Amino acid sequence: QVQLVESGGGKVQPGGSLRLSCAASGFTVSTYAMRWYRQAPGKERELVATITSAGDSTIYVDSMKGRFTVSRDNAKNTVYLQMNSLKPEDTAVYYCNARVFFHPYWGQGTQVTVSS
């Protein structure tokens, strides 16, 4: 049974950092591309980052480049999203996603709030 469980969200002041985790079960994260999405209030869900099975990572949103990093710990079967220099506009629910055997799976999401 495939499961994705995100954690690490919370409230942080502008300029702060958070590391989100996505713990996977039922499959091996190093075998599939893993993705992070986010959905801000009143907005559509958008793709934030991808890490491929080969370990290549991409940050898709220009405003996040240089601040966000996606990584993977194969031993823990977990994917991370390191977020630095957070801004109020980064406030959103962040979701982990994997397409396993062509079926999309989502975690429950973790709330990130950037506010002073």
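In what follows, the structure referred to is the one given above.
Since we're looking at a predicted model, the values are computed, not measured.

About the thresholds
Residues numbered from 1 in each chain as written. Predicted model: local features only at pLDDT ≥ 70, side-chain atom pairs only at ≥ 80, totals over all residues. Heavy atoms only, no water. Helix = DSSP H or I, 4+ residues; strand = E, 2+ residues; numbered from the N terminus. Buried < 20%, exposed > 50% of the residue type's maximum accessible area, 1.4 Å probe, protein only. Phe/Tyr/Trp six-rings, centres within 6.5 Å; stacked < 30°, edge-to-face > 60°. Lys NZ or Arg CZ within 6 Å of the ring centre and 35° of its normal.

A. Unusual backbone geometry, seen in detail. In this structure, Asn 77 is a non-glycine residue whose phi angle is positive, near 50 degrees. Mapped onto the secondary structure, Asn 77 falls in the loop between strand E7 (68-73) and strand E8 (78-83). In this model, Phe 101 sits at a positive phi of 50 degrees, which is unusual for a non-glycine residue. As for its position among the elements, Phe 101 is in the loop between strand E9 (92-100) and strand E10 (103-106). Taking the relative accessible area as the measure of exposure, Phe 101 reaches 69% and is therefore exposed.

B. The arrangement of the packing of aromatic side chains in detail. Counted under the stated rule, the structure contains four aromatic pairs. Ring geometry for Phe 27 against Tyr 32: centres 5.7 Å apart, planes inclined by 75 degrees, an arrangement best described as edge-to-face. Measuring from ring centre to ring centre gives 6.3 Å for Tyr 95 and Trp 106, while their planes differ by 85 degrees; the resulting arrangement is edge-to-face. One end of the pair, Tyr 95, is in strand E9; the other, Trp 106, is in strand E10, with 11 residues separating them in the sequence. By relative accessible area, which is 36% here, Trp 106 ends up partly exposed. What links up through ring pairs into an aromatic cluster is the set Phe 27, Tyr 32 and Phe 101. In this arrangement the basic side chain of Arg 45 is found over the ring face of Trp 106, its NZ or CZ atom lying 4.6 Å from the centre.

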